[in-house]
Amino acid sequence: MICVAVLTSIAGSFHFGFNLVLTNPSQEAFLSFMNNTLAKRFNGGLSDNALQNIWSFVVAILFLGALVGSFSIRLIADSVGRKKGLYISIAAGVLAGAMAIVSNPKQNRGAIGMMTGTCVQLGTVCGSVVAMPQIFGTEELWWLIYATEIGIMLFFGATLPFFPESPGFLIQRGATEAATKSIEFFYSCGREDAEFALNEIKAEQKNSSKKFSMMDVIRKKSLRSKAFIGVVVTFAMSFSGVAVINAFAFEILKDTGLSILEASLANDAIAVVSMISSIVAAFIVDRNGRRPLLLISFAGILFCNLIIFGLMFTFYKFGYHALGFILIAFICIFTFFFALGPGPLCYFINAELVGQAARSAAQSWASVIQMLSRFVLVTAFLPMKNQLGEAWSYLILFVAPVAVSLVYLYFSLPETKNKSPLEVEVEIENLPKFPLCGKSRSVQDRKLSEQMVISRQMQLIEDYGSIESLSHHL
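Predicted model, so just to flag it, every value in this text is computed and none were measured.

**Quick notes on the overall build of the chain**
A tally of regular secondary structure across the chain gives 23 helices and 0 strands. Relative to its 474 residues, the chain shows a buried fraction of 49%. For the chain, the exposed area adds up to about 22,300 Å²; of that, 66% sits on carbon and sulfur atoms.

**Some points on a nonpolar patch on the surface**
On the surface, a nonpolar cluster with roughly 290 Å² of combined accessible area is contributed by Val272, Ile276, Val280 and Phe336. Examining the composition of the nonpolar patch, we find that 3 residues originate from one element, helix α13 (residues 260-285), more than from any other. Relative to the elements of secondary structure, Val272 occurs in helix α13.

**What to know about the environment of Asp78**
Summarising the element assignment, Asp78 is placed in helix α4 (residues 48-80). According to the relative accessible area criterion, Asp78 is partly exposed, its value standing at 36%. Excluding residues within four positions of it along the chain, Asp78 makes contact with Phe169, Gln172 and Arg173.

**Topic: the packing of α4 against helix α18 (residues 359-388)**
One can describe the packing of α4 onto α18 by two numbers: an axis separation of 7 Å at closest approach and a directional angle of 175 degrees. Overall, the two elements α4 and α18 adopt an arrangement that is roughly antiparallel.

**Re the UniProt feature "transmembrane region" (unreviewed entry) in the chain**
As annotated by UniProt and renumbered to match this structure, "transmembrane region" (unreviewed entry) occupies residues 54-73, 85-102, 141-163, 227-249, 269-286, 293-316, 322-349 and 394-411. Annotated as 94% helix and 0% strand, the span residues 394-411 places its first and last C-alpha atoms 26 Å apart.

**Brief notes about the pattern of salt bridges**
Following the criterion strictly, the structure yields 5 salt bridges and no others. For Glu184, the salt bridge identified is with Arg191, shortest N-O distance 3.8 Å. A residue is classified by how much of its surface remains accessible, and Arg191, at 37% relative accessible area, is partly exposed. Lys385 is paired through a salt bridge with Asp255; the nearest N and O atoms lie 2.9 Å apart.

**Observations regarding the environment of Glu425**
Tracing the sequence through the fold places Glu425 in helix α21 (residues 421-429). Along the backbone, Glu425 and Pro414 are 11 residues apart, and their C-alpha atoms lie at a distance of 8.4 Å.

**Focus on the side chain of Ser367**
Tracing the backbone shows Ser367 in helix α18. Among the residues examined, Ser367 registers a relative accessible area of 13% and is labelled buried. Not counting residues up to four positions away in its chain, the partners in contact with Ser367 are Leu67 and Ser70.

**Here we look at the confidence of the model for the chain**
Per-residue confidence for the chain gives a mean pLDDT of 77; residues scoring 70 or more make up 80%. Considering each helix and strand of the chain separately, the mean pLDDT is smallest for helix α23 (residues 467-473), with a value of 49, and largest for helix α20 (residues 400-412), with 92. Of the regions scoring below 50 in pLDDT, residues 437-443 engages in 5 contacts with residues more than four places distant in sequence or in other chains.

**Here's the deal with the packing of aromatic side chains**
What the rule picks out here adds up to 15 aromatic pairs. Put simply, the rings of Phe33, Trp142 and Tyr146 touch in pairs and so form one group of aromatic residues.

**Brief notes about the side chain of Glu390**
Tracing the sequence through the fold places Glu390 in helix α19 (residues 390-398). Despite its burial, Glu390 pairs with no opposite charge; the closest candidate is Lys385, at 4.1 Å N-O. At 2.6 Å, the side chain of Glu390 forms a polar contact with the side chain of Tyr316.

**A closer look at the packing of helix α14 (residues 290-318) against α19**
Taken N-terminus to C-terminus, the directions of α14 and α19 make an angle of 165 degrees; their axes are 8 Å apart at the nearest point. Relative to α19, the element α14 lies roughly antiparallel. When the axes of α14 and α19 are compared, the crossing they make is left-handed. Facing α14, whose interface residues are Asn305, Leu306, Ile308, Phe309, Met312, Phe313 and Tyr316, α19 presents Glu390, Ala391, Trp392, Tyr394, Leu395 and Phe398.

**Details of the environment of Gly310**
Summarising the element assignment, Gly310 is placed in helix α14. For the pair Gly310 and Ala391, spaced 81 residues apart in sequence, the C-alpha separation works out to 7.6 Å.

Cut-offs applied
Residues numbered from 1 in each chain as written. Predicted model: local features only at pLDDT ≥ 70, side-chain atom pairs only at ≥ 80, totals over all residues. Heavy atoms only, no water. Helix = DSSP H or I, 4+ residues; strand = E, 2+ residues; numbered from the N terminus. Buried < 20%, exposed > 50% of the residue type's maximum accessible area, 1.4 Å probe, protein only. Areas by Shrake-Rupley, 256 points an atom, 1.4 Å probe, with all protein chains shown as cover. Patch = residues over 30% accessible without salt bridge, like charges linked within 9 Å, V, L, I, M, F, W, Y side chains within 5 Å. Salt bridge = Lys/Arg side-chain N within 4 Å of Asp/Glu carboxyl O. Contact = heavy atoms within 4.5 Å. Axes fitted to C-alpha atoms, helices over the stretch in contact; angles between N-to-C directions. Parallel < 35°, antiparallel > 145°, perpendicular 65-115°, else oblique. UniProt positions renumbered as here; feature names shortened; annotations may be inferred. pLDDT = per-residue confidence, 0-100. Phe/Tyr/Trp six-rings, centres within 6.5 Å; stacked < 30°, edge-to-face > 60°. Lys, Arg positive; Asp, Glu negative; His and termini not counted. Polar contact = N/O pair within 3.5 Å; in protein donor to acceptor, adjacent residues only side chain to side chain. Left-handed = near helix turned anticlockwise from the far one by under 90°.

In structure tokens, the structure reads:
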């Protein structure tokens, strides 16, 4: 099971992390290639500002692709199965990488030849290293960045035939014998234990037949307000600044006085710190409540963003070279706070808020917000930087949204760790009230509060269809 988890994560989340940063240290090579191509095609190059505006959109388009992919997951998995779905994912990745490579000039074409979260960070480390100007991040060699990724995907594709389809999908298709053998493989168990697990999966699928769609989450009152809380967590995560640091850290560090080599090495160091932080955070998350982790981490991110703004602004005023190295330290602290809270928690806080039956729908809304936010941010950052300056752009985009979200979450985010949906309703009612006041609630207020909790719990039962259906999901 661990082997399968590692391989599927490398095939999926690793490549997302890889693509997040590969255009970062190699930006100059891509810009030069793009400018030369446009110059030949349109009899003249573009200004630096126009080129950067186009480049912002090129970098940001990744998140529109991720948005389409997130909507396709359930359709592909249910129609062709999980294993064949991975083949489709690999084929799409290889095709995309090949299209990037063959966009080379003709004279170069002859040269073409937690687990998920950690693999995202591992992907950022590998992407940062191979895209360095000292390795493949040059105008002549940038296509090798994509060739490297294609090689990794093809290696994973070669291992897939050795693994069976998931038992859950096989049971849905009525292939009981194949499902039993799949369980024997994944669970490393005998026939008797496999048949027992098979019956458990069948019972679970029968009781889990009720699923909520994305529109159900909007229509049903008991789900809508809690899904919105999860969306705000995702929004704050997206506007924390991590998208721009992933995409443009090399450019930011270079603009604060570091040389190309110093900025490249610093970018690699930030990616390594991010990966280590995600591993450390994996041990912290399950030992602490979700609410304190998110509030503390967002407060830390807000503090780091203010310091980063101050360092950028001071450098533009006085030009002190040492400020670039201080900036590296605070970006590393920023990545630790990000890995501690919003990085891992935004992927499952929705499930804990709305319950298992609505998890997929609520997470889909969160994915829409995340990918659209990242697309807008990465598209807008360089044009804003050219108009307002890097420091003021960073302040506008990554301080105000986090501050507003932090205040909202303080008054709205309940503790969800080891809580059932009914217990979450009680936690919501016990949250601090806005505006804060020192008066304790009267007996009448407490009775009204209890009635509101019971009312919301009954609405939750109604939305699930029956108390038996809700009990199964608890």
